[in-house]
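# Architecture and fold: a report
One letter stands for each residue in the lines below.
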Amino acid sequence: MFINCHSYHSLRYGTLSIDDLVEQADYFGLKKLVLTDINTVTGIYDFKKKCEEKGIKPIVGVEIRKNNELLYICIAKEFSGIGEINKMLTDYNCHGIDLPKQNPNFKQVFVVYPLENIPEKLLENEFIGIREEELNFLIRPELKDLQYKMLVWQPVTVSSQKEFNLHKILRAIELNTLISKLNDKDCCKSNERFKTLSQLKDDFKFHPQLIENTENLLKQCSFEFDFNEVKNKKSFTNSKEEDVELLKKLAYSGLEKRYGLNHEVAKKRVEKELKVIDELNFCAYFLITWDIVQYSNRMGFMHVGRGSGANSIVSYCLGITDICPLELDLYFERFLNLNRKSPPDFDIDWSWQDRDTILEYIFNRYGRDHVAFCGTNVEFKYRSIFREVGKVFGLPKEELDALAKNPMATHDKNDVVKMVHKYGLLLEKFPNQRSMHACGILISEEPITNFTALEMPPKGFPIVQFDMNVAEEIKLEKLDILSQRGLGTINDTVKLIKETRGIDVDIRDTTLSKDEVKTNEYLQIGKTIGCFYIESPAMRGLLRRLKCNNYKVLVAASSIIRPGVAQSGMMREYIFRHNNPDQFEFFHPEFEKHLKETYGIMVYQEDVIKIAQYFGGLTLADGDILRRAMSGKSRSIQKLQEVKNNFFKSCKEKGHSEKLTAEAYRQIESFAGYSFCKAHSASYAVESYQSLYLKVYYPLEFMVSVINNQGGFYRTEVYVHEAKMSGGIIRNPCVNTSCFQTVLKGKEIYLGFMLLDGLESKIAHGIAEERSKNGDFKSLHDFIRRIPVGLETIQILIFIDAFRFTGKQKNELLVEARLLLVNFKPENRGLMLIEEAIQEYRLPQLKREPFEDAFDEFELIGFTVSCTPFDLLQTKFRGDVFVKDLLQNHKKQVRMLAYLISRKHVPTKKGTMYFGTWIDVNGDYFDTAHFPDSLKEYDFQGGGCYLLLGTVEVDFHFPTITIHKMAKMPMIPDPRYHSTEEKRFEVMQKLKEDISMTHRKPYPQEHEIGLPRRMG
């Protein structure tokens, strides 16, 4: 009888989760229920499962609204009716086809109109919904005769007065208004709640025909859906048989290329994998992925196949991945096995510059009716909750900022803030808006609108209305098409090397990208700034502690750095065992048997699965839940408690002590959502190695490419500094040499116009385009005549010294620009047949202070080019000790002068601590540790140079300074402002630093890790 129920997927309208909605229906004894969220089918699949768990018949539909006006309610007679509704919504969302206000063209859908929108002619499948409070209207002659077309209409949106208030808050957020300004039409009615069937029938007892009509309609509806049938595209060719043949042919062809003709081990592995792929019906999935990669290769793009897909030798032979599973003993079953309940998914990276081209190919090749991005539900977050809720209660911006930025305990305790807290907390985990999954693409066999309506977010690719978890449950598996800047850097470096040196670098040649002597030297000393995944301070420290001098150790390091291993405290233990391989005992014989390569420590997801099965005796099904939880699959993380119980029970049966079991599970548990499989680490390691190889042999080309791809872990200044340390001569932008991006001319690096704060992108591109068409600019006057700029833009270019080719000082150019622009007419812009002579002005000589240029640079690009930050200090002291001396000063106290690069916030049991990264006056990097006690008195004061006093601690070849005291050193006053004292020190307050925040539990100390089992 309840034909119009809303869940919270009716965004900023409904207040009930699917679980709550079904639980309440069960409480009221209902046996049929209709979910009709507003303009979406997001919740229908979860709804079906929950209803069937409770013995309730699920029926689904959609409430159609346009601009907050209810047009009608659609109820699907059967599953194909959902497809009809989806098609209509997709046409509206994606193609601009208006929603029909009446008489939509449906075959398997019932349509229910409110009294305000009854069409002149009701079709056979169309009805009128009547609320209890509208029954009095039925005495009207025009309505009396329509009772045979009328249904009981009792919408469900809330379950209490508190939820009704929350609904009003959601409506005010949606309409961007104050809650006090909402009118009745903006909100649902306060009585839109469940009742018992007897209550509802009693309300309509004088209109039994309406009750009968409603029951008849619901009898005709069903929602049949097979959750087990795979919905992905079923064949790449014309049939499954042809797919099997093609995949086999491609695999054996690739086998010959990768391994030669007589590699029996590889051949047997290919045969085994092909058999499993065929049995699980994934030939099409492999072939579609291969097809996309083939297109990428034809376009000359570089890709990286990573994730568990790289465990497969077939994917290696097809060129989807470049990781040899035999070399690293990769575990195919981690990717695909006969016990796995869900299909696998390939993760493939492209450069951020090429990804859209790949996506266009996929949509065009496989049909826009069959391809869409996964959706994702963006939930209300802490900051947005307090901002949004506070705004509807009328709080001013200053108070909203305070609520959003500060912990609840510090908020004011007035009545309005109490209301904000009360209702804000109810919104936690509520979906706020639908967005696009970062990378998940769905390719379906049937038109995708059979399963979902599509929406068109601003990025221009359609999305389905549900997330990856629902997609997986309905067997519509995603293909991850990712982008990253690291590949863009590699691509651009290879192109730049060809351009500057005429050398073709085959970066995919594994002799270059896995084992190269000089690259290994750089790797073990952590000389990796700019390199994908291995440039962060933590990673560089790990590389040095491990003396990581080869690809295989790099593979392990790529996984050890992940929170899973670090959080269990076993990263520290791994470093010890790697450096002291004879000074530890294995945790248990099963750990020695299965984890010998990693010193008995779980490093990869496969290790966890092996230990769970062989040490813990878990079933393959429980192992699969662990795999999914380690991959961040939230619904599996919820099932971990069941796995834990099974683990402890099984370990007891195997005779393991409770202490041993608890420690083993503590390590396993730390991997949930925070770990890599070995193949993924290997893929990352190859790309890291490729980056480092290019940095070692072509440092200037590499650093220019890093800058142009907008870096990685650090700000641009750090990469410019690294280019300088590599022998580059850094030049400010110049209108006759620079382009939008940074360019390399011999050893000279001309910074790009894109780095200039305040310069329009269109102008930045236009300067180089005009210069390539009509030659260099001859003067400032010539530039103004050819480029459409105003005084503000000209001033930016003058201050950054972009007109230095004229030989004139900045002061002189500024005066000239003002005089030229006063009488300049835009219609005269462009080349003239005869150039008019420029009137010369004799200006008095204007003296500039030595460091004025440096302060101009700080203001416009955020860092200095013409000097170093050390040159601008008031002190001439440069430190007693330098980075090159640190290893010889273990346990000694040192004083250093250093420029702050970055700092990382780390929680400890005693409070916040930081790890800092700095450069000394020689430009070399070093790291510091700042404990809570030191920070109380000697905290960071923003970017700039500091005097540091601390003790050097050398930990496995890696020096760190534990800071006792530090003070930020004052810079010279800004010489551009002699009269304004405030302005003279303004730049000093704006100096940049990179700050990364972590909000995790503190890592355990060595003594807190159970049973380290070291020998003396």
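In every chain, residue numbers begin from 1 and rise along the written sequence. It should be noted that, the model being predicted, local features are given only for residues of pLDDT at least 70 and side-chain atom pairs only at 80 or more, the latter also being counted only at that level, while totals for whole chains, interfaces and linings use all residues. Water and hydrogen atoms play no part in the side-chain values, which are based on all heavy atoms of the structure.

### Considering the side chain of serine 315
Only DSSP runs of H or I with at least four residues qualify as helices, and only runs of E with at least two residues qualify as strands; both kinds are numbered from the N terminus onward. The topology assignment puts serine 315 in helix 11 (residues 313-317). Only heavy atoms matter for contacts: two residues are in contact if any of them lie within 4.5 Å across the pair. In contact with serine 315, not counting residues within four places along its chain, are Phe286, Gly309, Ala310, Ile320, Thr321 and Phe346.

### Concerning the sheet that holds strand 15 (residues 743-745)
Pairing between two strands requires that DSSP report at least two bridges joining them. Pairing is mixed across the open sheet formed by three strands, whose spatial order is 14-16-15. One side of each edge strand has no neighbouring strand; the edge strands of this open sheet are strand 14 (729-731) and strand 15. Direction aside, neighbouring strands of the sheet carry axes that sit 25° apart on average. The pairing of strand 15 with strand 16 (residues 748-750) spans three bridges and is classified as antiparallel. Across the sheet, the residue bridging to leucine 744 is isoleucine 749, located in strand 16. Here, axes are lines fitted to C-alpha atoms. For helices the fit covers the stretch in contact, and angles between N-to-C directions go from 0 to 180 degrees.

### Examining helix 34 (residues 761-774)
Given 3.6 residues to a turn, an α-helix orients residues that are three or four positions apart in the same direction. Helix span, expected: 1.5 Å multiplied by one less than the number of residues in the helix. Across its 14 residues, helix 34 extends 20 Å between first and last C-alpha, which sits within 8% of the 20 Å expected from 1.5 Å per residue. Only protein chains enter the accessibility calculation, which uses a 1.4 Å probe; a residue is then buried when its area is under 20% of its type maximum, exposed when over 50%, and partly exposed in between. Within the sequence span of helix 34, burial applies to Ile763, Ala764, Ile767, Ala768, Glu770 and Arg771. Positive phi shows up at glycine 775, right after helix 34, with a value of about 90°.

### Here's the deal with the sheet that holds strand 1 (residues 32-38)
The strands that make up a sheet pair up through hydrogen bonds in the backbone, lying either parallel or antiparallel. The strand order 1-2-3-4-5-6 describes an open sheet built from six strands, whose pairing is mixed. Edge positions in the sheet fall to strand 1 and strand 6 (150-152), since each has one partner strand and no second. Across the sheet, the mean angle separating the axes of adjacent strands is 35° when strand polarity is ignored. Here helix 2 (residues 44-53) sits on the sheet in contact with strand 1 and strand 2 (57-66), set at roughly 150° to strand 2. The strands touched by helix 3 (residues 79-95) are strand 2, strand 3 (69-76) and strand 4 (109-113); relative to strand 2, the strand with the most contacts, the crossing angle is about 20°.

### Focus on the environment of phenylalanine 648
Along the chain, the position of phenylalanine 648 falls in helix 29 (residues 640-653). Once the C-alpha coordinates of phenylalanine 648 and leucine 454 are considered, the two residues, 194 residues apart in sequence, prove to be 45 Å apart. With near-sequence residues (within four places) excluded, phenylalanine 648 lies in contact with Thr661, Ala662 and Tyr665.

### What to know about the packing of aromatic side chains
Only the six-membered ring of Trp is used, alongside the rings of Phe and Tyr, when aromatic pairs are assigned; centres must lie within 6.5 Å, and planes under 30 degrees apart are stacked while those over 60 apart are edge-to-face, with the rest tilted. Under the counting rule described, the total for this entry stands at 45 aromatic pairs. On the basis of an interplanar angle of 70° and a centroid distance of 5.2 Å, the ring pair of phenylalanine 584 and phenylalanine 586 is categorised as edge-to-face. Neither phenylalanine 584 nor phenylalanine 586 differs from the other in exposure class; each is buried. Considering the side-chain rings of phenylalanine 647 and tyrosine 665, the 5.4 Å spacing of their centres and the 45° angle between planes classify their relative orientation as tilted. On the criterion of sequence distance, the pair formed by phenylalanine 647 in helix 29 and tyrosine 665 in helix 30 (residues 658-669) is long-range, its members being 18 residues apart. Residue phenylalanine 647 shares its accessibility class with tyrosine 665, and that shared class is buried. An aromatic cluster of at least three residues, connected via ring pairs, comprises Tyr45, Phe79, Phe223, Phe225, Phe227, Phe451 and Phe466. It is lysine 518 that lies over the ring of tyrosine 697; its NZ or CZ is 5.4 Å from the centre. Should the NZ of a Lys or the CZ of an Arg lie within 6 Å of a ring centre and within 35 degrees of the ring normal, that charge is described as sitting over the ring.

### Observations regarding the nonpolar core
Among the nonpolar cores identified, the biggest contains 137 residues, and Leu694 and Phe783 are the most heavily contacted of them. No other element matches the nine residues that helix 31 (residues 678-697) contributes to this core. If we skip the residues at most four places from it in the chain, leucine 694 touches Ile490, Thr493, Val494, Ile497, Val505, Ile507, Pro699 and Phe702. Working definition of a nonpolar core: buried Ala, Val, Leu, Ile, Met, Phe, Trp, Tyr and Cys residues. They are joined through side-chain atoms within 4.5 Å. In this structure, Cys5, Ile85, Met88 and Ala372 belong to the second largest nonpolar core, which totals 66 residues.

### With respect to the environment of leucine 151
Of note, leucine 151 is situated in strand 6. In this structure, the C-alpha to C-alpha distance between leucine 151 and valine 987, residues 836 residues apart in sequence, is 71 Å. Discounting residues that sit within four places of it in the chain, leucine 151 has contacts with Ile3, Val112, Phe127, Ile128, Gly129, Ile130, Leu210, Asn213, Thr214 and Leu217.

### A short note on the pattern of salt bridges
When charged atoms on two side chains of opposite charge get close, those side chains can pair. Just to be clear on terms, a salt bridge is a Lys or Arg side-chain nitrogen sitting within 4 Å of an Asp or Glu carboxyl oxygen. Taken as a whole, this structure holds 51 salt bridges when the rule is applied. Between arginine 306 and aspartate 347 there is a salt bridge; the shortest N-O distance is 4.0 Å. Taken as a pair, arginine 306 in strand 7 (residues 303-306) and aspartate 347 in strand 8 (residues 347-351) lie far apart in primary sequence, 41 residues in all. Overall, arginine 306 belongs to the buried group, its relative accessible area being 8%. Measuring nitrogen to oxygen at the nearest pair gives 2.6 Å for the salt bridge that ties lysine 695 to glutamate 722. Note that lysine 695 is positioned in helix 31 and glutamate 722 in helix 33 (residues 716-725), a separation of 27 residues in sequence. The exposure class assigned to glutamate 722 is buried, which follows from its relative accessible area of 6%.

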